[in-house]
Number of protein chains: 2
Amino acid sequence: MLSLRQYFPILDWGRNYDRSTLSNDLIAAVIVTIMLIPQSLAYALLAGLPPEAGIYASIAPIILYAIFGTSRALAVGPVAVVSLLTASAVGQVAEQGTAGYAVAALTLAFLSGAFLLLMGVFRLGFLANFLSHPVIAGFITASGILIATSQLKHILGVTAHGHTLPEILSSIFAHLDEVNWVTLVIGMTATAFLFWARKYLKPTLRKLGTPPQLADILTKAGPVAAVVATTVAVWLFGLAERGVKIVGEVPQSLPPLTLPGFSPDLLSALLVPAILISIIGFVESVSVAQTLAAKRRQRIDPDQELIGLGAANLGAAFTGGYPVTGGFARSVVNFDAGAETPAAGAFTAIGLAIAAVALTPLVYYLPNATLAATIIVAVLSLVDLSILRKTWGYSRADFLAVAATVLLTLGMGVEIGVASGVAVSILLHLYKTSRPHVAEVGLVPETQHFRNIHRHKVETDPTLVMLRVDESLYFANARFLEDFIQRRVTNGSDIKNVILVFSAVNEVDYSALESLEAINERLIDMGIGLHLSEVKGPVMDRLERSHLIAKLNGQVFLSQYDAWRNLSALLRVDKAAE
Amino acid sequence: MLSLRQYFPILDWGRNYDRSTLSNDLIAAVIVTIMLIPQSLAYALLAGLPPEAGIYASIAPIILYAIFGTSRALAVGPVAVVSLLTASAVGQVAEQGTAGYAVAALTLAFLSGAFLLLMGVFRLGFLANFLSHPVIAGFITASGILIATSQLKHILGVTAHGHTLPEILSSIFAHLDEVNWVTLVIGMTATAFLFWARKYLKPTLRKLGTPPQLADILTKAGPVAAVVATTVAVWLFGLAERGVKIVGEVPQSLPPLTLPGFSPDLLSALLVPAILISIIGFVESVSVAQTLAAKRRQRIDPDQELIGLGAANLGAAFTGGYPVTGGFARSVVNFDAGAETPAAGAFTAIGLAIAAVALTPLVYYLPNATLAATIIVAVLSLVDLSILRKTWGYSRADFLAVAATVLLTLGMGVEIGVASGVAVSILLHLYKTSRPHVAEVGLVPETQHFRNIHRHKVETDPTLVMLRVDESLYFANARFLEDFIQRRVTNGSDIKNVILVFSAVNEVDYSALESLEAINERLIDMGIGLHLSEVKGPVMDRLERSHLIAKLNGQVFLSQYDAWRNLSALLRVDKAAE
């Protein structure tokens, strides 16, 4: 029963579901539904798909996540960054507007769902850790800039293409002569209104005496107001005939049953982008879920989240959607609106299903420029270049990782950008640990403590080199230690013994073991003893399974003080006998 | 002056060069020269190049290394693994036997030389550390198997192609009907003789009363004997007319002046293989050099080695050669023969130059099968599958890295094999450190020490969670810590304070900083304090540059005992007041 509940968290919260929870969830669902309608249409536009795909992608996935997910407040559906990634990936295998394009988007959702599910079943959630925070921050910021720029064409009413900043900008410049001025006025007005509403609508409403909660809801409904106003304007003044591009006919139907493509070519072309989308979507979703869970002292299970998101994406693949994940904006709205359980998500899905059947004729005259305006205003809040300043002040390595991610994402596209960011941060980490801090230590007089000879006044013995290694030993720093010891012993001709103090060594991998064996053999050739001290239990267990301890040209001491007493005293006896 | 000597180690040993050193160097040179003639021809065959390329690649590179290299005994020239890598890389851009093939090999040497030189100038030798020992061992073993298999076609006298084990084997099987029986007899006899000589020639000669040193030299000259005997046999019995493939005409000349290709297509096609060859060659060379240097208590400078090997490869590129590195076999022979300075290498070069001018007509009738036999016998000594058993016993992660490298090298070719090996070992390292050991600690009664509550009888306080993190905090384990703390605090409802003991944390990167900030904010939401103790100096310096310390919902304590006294005592006062 426990294991069943682990895989179906719904069994957990479903038991205690009561009337008050129901009413809270219902209120939240209404608010989120209203917010999601224009957002879903807009993100579909960003992904290069017909508008209904955005709504379909918000229905089945929400319900599936409600069954399998562990977060109580997460709202799953299309989000900006994943929509951009979808456009970039699908654009490489199909022409926008064709049937193949929609099928490729379904296939991407299918692969992404399958990959997330597999990761969840094999409990591989840790893979997401390889995306460092600076890389994620740099990637989100650069994506925000890319998305906002890519929407300029809808504001200007021109056609433009491209997946990198230079491509998009030069494509827009090349088509500047085609600008549709009516579209531009609509787009600019909508953008200006949305920016204003975001910042000033709530204080203005409050001044006018609106109760705080209502003011809040009305502010969040800003995009809906822009949608209604511009749609009515286009309809009233017949602006569509003056070249304003509109959403047009949207089928009035529940999400259809669809099949992703299973041709090997398509699957292999989309596999890498699907993995990328899965991991980025997962990271975004888990951060949001964890933040919201903490506010109510709940917790989420990252591995079960993989299963929840995997199910959601599989749902999207078979119901006319495209890749989805837990979105920041919609989840916060859901949480603030008082959603208590995933049932709120299910009610949102019902609301959207009703909208898909009943309300789609109303968006016929909705101009694309308005949708572009809602995207621009939403994504510009993701752009945060302060991460460059923050990391510069904190650590140059992290700054490098951010800068590389931002520049390569803007200049070479989202996939190369994020892949390079990951590579750079891993290489920088390996570089840092490849030159560990090795301190030569001496005895603090009158104590049994040993400290760095360069920082403290300590007793030393010219025949004895005592080195404390402040890092686990593994392949990236194994050779460093070899070089370090070789340099140290060739610099002192009196040296008879070397002691490695292992108090900070948590691991010795096979490369480091072989390096220690090589050091041992070279020291034997030089007639110098090699000793270890303060080796941790698990490290010692492993070393004993190798030949190192048997072949060691010296001893293993429990404490460094023992080592000093033995090796230094022994030599004094020798000297005394001379 | 010091810096000039740093870049020209020749200035160092050249000053003390005297007559006894000269005679030792000369003797070593004669021995190495004799050994190198058949070896150079054979490796050129392995690389798919005309035989003279192997000799040319042994002349200029040796001299250049003598000027710039830091090892006293390293012998630079063509080696088996690099020859195989050359064949694999060049085979992708040109047809064997064409002029383009030779030019591509020169270009590969040029790129490799330039890359090594750049790495040396920017002191990037540490990059070689990312090849872990298990990956190198697995790669060398798999390469040995591939090389030996690829030479079977010369022993059988058939044509066959392929760069992976299945390709080579199936190609040989497909041509089995073309076997040339005379070639097979020569090849088998030579192989059997060489295996026998390697193992039994020295003891046999010693039994016959040969002085030990002479026996040693005669044994090393085994391949020369095989070469002479089979060449004479082919000439005497006119076996070339019976289909035995022979070396044929080799130009009688000093190394020619050649130019690598500089077309952008060629350069970009060969760039990645060149980097791979450089790094693998560098790792092989440095291991050999370091082992030999240690025997005489000398040391080598890895960054200067890059410059020496870079110069050697540039030399090869402009004198009709192909990529070279410091070889194990030839270096050990050179060292054993008593070479004292790099001048021995220069004398070897002179010997080979004489051979190139005067002796090449003598190898006209040398059968390729004999050269293949010398390669097979040489490389099979590289094959050491015991690394699989050794790593299995020591660490499963290292075993996985070896197994992946061996299987992928055999099955997918050398480049994918070594690249996957590197990727696997880096991922496994990140995986291991992504789940650091976190111990919940308590106070050992009557002391100021804290130990793991699961292993020792310690005092604890239900309102206080004390966690000791046994690993530096960075992006790969930042989220782990978040999850760990979240899980811990949602499990105990009395918890008022969390203390993180940082005694083993050597670094906190920006990702981990943000995780700590997130943990802090979540704990604030739960009304729980977050405290740090025993933070190391450099870590504290960095944390103080961030907002974490200012926003911390608690204090930073110098010692964990202070933290305990403050936080636990405080609560006792509260309780006393109740």
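So, how was this worked out
- Residues numbered from 1 in each chain as written.
- Chains lettered and ligands numbered in written order.
- Predicted model: local features only at pLDDT ≥ 70, side-chain atom pairs only at ≥ 80, totals over all residues.
- Heavy atoms only, no water.
- Helix = DSSP H or I, 4+ residues; strand = E, 2+ residues; numbered from the N terminus.
- Contact = heavy atoms within 4.5 Å.
- Areas by Shrake-Rupley, 256 points an atom, 1.4 Å probe, with all protein chains shown as cover.
- Lys, Arg positive; Asp, Glu negative; His and termini not counted.
- Charge placed at Lys NZ, Arg CZ, Asp CG, Glu CD.
- Least-squares fit on C-alpha atoms with pLDDT ≥ 70 in both.
- Buried area = accessible area lost by both parts, 1.4 Å probe.
- Salt bridge = Lys/Arg side-chain N within 4 Å of Asp/Glu carboxyl O.
- Polar contact = N/O pair within 3.5 Å; in protein donor to acceptor, adjacent residues only side chain to side chain.
- Nonpolar A, V, L, I, M, F, W, Y, C, P; charged D, E, K, R; others polar.
- Pairing = 2+ DSSP bridges.
- Axes fitted to C-alpha atoms, helices over the stretch in contact; angles between N-to-C directions.
- Buried < 20%, exposed > 50% of the residue type's maximum accessible area, 1.4 Å probe, protein only.
- pLDDT = per-residue confidence, 0-100.
- Core = buried A, V, L, I, M, F, W, Y, C linked by side-chain atoms within 4.5 Å.
- 1 Å grid on protein atoms, 1.4 Å probe; cavity = no way out; pocket = protein on both sides within 12 Å on 5 of 7 lines; lining within 4 Å.
- Points joined across faces, edges and corners; volume = space filled by probe spheres on them.

> Now, about the overall build of chain A: what can you tell me, with residues and values included?
Of regular secondary structure, chain A possesses 25 helices and eight strands. The dimensions of chain A, computed from C-alpha atoms along their principal axes, are 110 × 60 × 60 Å. Intrachain contacts of chain A at a sequence separation of at least 6 include 79% that bridge at least 24 residues. Split by element, the accessible area of chain A, about 24,000 Å² in all, is 64% carbon and sulfur. Mean positive and mean negative side-chain charge positions of chain A (40 and 42 charges, respectively) differ by 8 Å.

> Could you give an account of the relation of the copies chain B and chain A, naming the residues involved and the relevant values?
Between chain B and chain A, the superposition needs a rotation of 180° and an axial shift of 0.0 Å, giving an RMSD of 0.1 Å. Viewed as a symmetry operation, the transformation between the two copies matches a two-fold axis. Considering only C-alpha atoms, the residue of chain B closest to the rotation axis is A504 of chain B, which sits at 3.5 Å. Both copies present the same face, since 99% of the interface residues in chain B are matched by interface residues at the equivalent positions in chain A.

> Mind laying out the interface of chain B and chain A, listing which residues take part and the relevant values?
Each side of the interface is counted separately: chain B has 67 residues, and chain A has 66 residues. Taking both sides of the interface into account, the surface hidden between chain B and chain A amounts to around 6,100 Å²; carbon and sulfur atoms contribute 53%. At the boundary of chain B and chain A, one finds two salt bridges. Taking the shortest distance from any N to any O, the salt bridge between K432 of chain A and E507 of chain B comes out at 2.9 Å. There are 17 residue pairs in polar contact (both at pLDDT 80 or more) connecting chain B and chain A. When contributions to the side of chain B that touches chain A are tallied by element, the ones reaching two or more residues are α8 (133–156), α13 (264–295), α18 (386–394), α20 (414–434), α21 (475–491), α22 (510–526) and α23 (537–544) of chain B. Ranked by residues supplied to the side of chain B that touches chain A, first place goes to α21 of chain B with nine residues. Considered class by class, the residues forming the side of chain B that touches chain A number 25 nonpolar, 21 polar and 21 charged.

> Would you mind going over the sheet that holds strand β8 (residues 556–557) of chain B in detail, with residue names and values included?
Residue and element names in this part refer to chain B. If you trace the six strands from one edge of the open sheet to the other, you get β4-β3-β5-β6-β7-β8, paired in mixed fashion. Each having just a single partner strand, β4 (450–452) and β8 make up the two edges of the open sheet. When strand β6 (residues 497–501) meets strand β7 (residues 529–533), the two strands line up parallel, connected through five bridges. The partner of V501 across the bridge, within β7, is S533. The strands touched by α21 are β3 (438–443), β5 (464–469) and β6; relative to β5, the strand with the most contacts, the crossing angle is about 155°.

> Residues and numbers for the pattern of salt bridges, please.
Residues and elements named next belong to chain A. Taken as a whole, this structure holds 14 salt bridges over all chains when the rule is applied. Residues R468 and D470 are paired through a salt bridge, measuring 2.9 Å at the closest nitrogen-oxygen approach. Given a relative accessible area of 21%, R468 falls into the partly exposed group. Residues participating in the shared-partner salt-bridge network are R123, D301 and D303.

> So what's going on with the confidence of the model for chain A? Residues and values would help.
Predicted coordinates in regions of low pLDDT should not be interpreted in detail. When pLDDT is averaged along chain A, the result is 87; 97% of the residues meet or exceed 70. Across the interface, the model reports ipTM at 0.75; the global pTM reads 0.76.

> Run through the environment of F68 of chain B, naming residues and quoting values.
Residues and elements named next belong to chain B. With respect to the secondary-structure elements, F68 resides in helix α5 (residues 60–68). For F68 and I10, which are 58 residues apart along the polypeptide, the C-alpha to C-alpha distance reads 6.8 Å. Sequence-distant contacts of F68, defined by excluding residues within four places in its chain, comprise Y7, F8, P9, Q304, I307, G308 and A311.

> Residues and numbers for the environment of H429 of chain B, please.
With respect to the secondary-structure elements, H429 of chain B resides in helix α20. Separated by 31 residues in the primary sequence, H429 of chain B and D398 of chain B place their C-alpha atoms 9.5 Å from one another.

> For the nonpolar core, give the residues involved together with the corresponding values.
Counting 161 residues, the largest nonpolar core has V498, L500, F502, V508 and L543 of chain A as the members making the most contacts within it. Among the elements that take part in this core, α13 of chain B stands out by supplying 15 residues, more than any other. Excluding residues within four positions of it along the chain, L500 of chain A makes contact with L467, I485, L516, L530, H531, L532 and S533 of chain A. L74, A87, A105 and I168 of chain A belong to the second-largest nonpolar core, a separate cluster that totals 143 residues.

> Any chance you could break down empty space enclosed by the protein for me, citing the residues and the numbers?
All names here are of chain A. In the structure shown here, the tally under the stated rule is 12 cavities of 30 Å³ or more. Taken as a whole, the largest cavity spans an internal volume of roughly 100 Å³. Forming the walls of the largest cavity are 16 residues, and the residues nearest its centre are I62, L74, A75, N334 and G345. Mapped onto the lining of the largest cavity, the elements with two or more residues apiece are α5 (60–68) and α16 (343–358). Taken together, the residues of the lining of the largest cavity sort by class into 10 nonpolar, five polar and one charged.

> If you had to explain the sheet that holds strand β3 (residues 438–443) of chain A to someone new, which residues and values would you point to?
All names here are of chain A. Taken in spatial order, the six strands of this open sheet run β4-β3-β5-β6-β7-β8, and their pairing is mixed. The outermost strands of the open sheet, each flanked by one partner alone, are β4 (450–452) and β8 (556–557). Across the sheet, helix α21 (residues 475–491) lies against β3, β5 (464–469) and β6 (497–501), angled at about 155° from β5, the strand it touches most. Packing against the sheet, helix α22 (residues 510–526) makes contact with β6 and β7 (529–533), and its axis sits at approximately 140° to β7.

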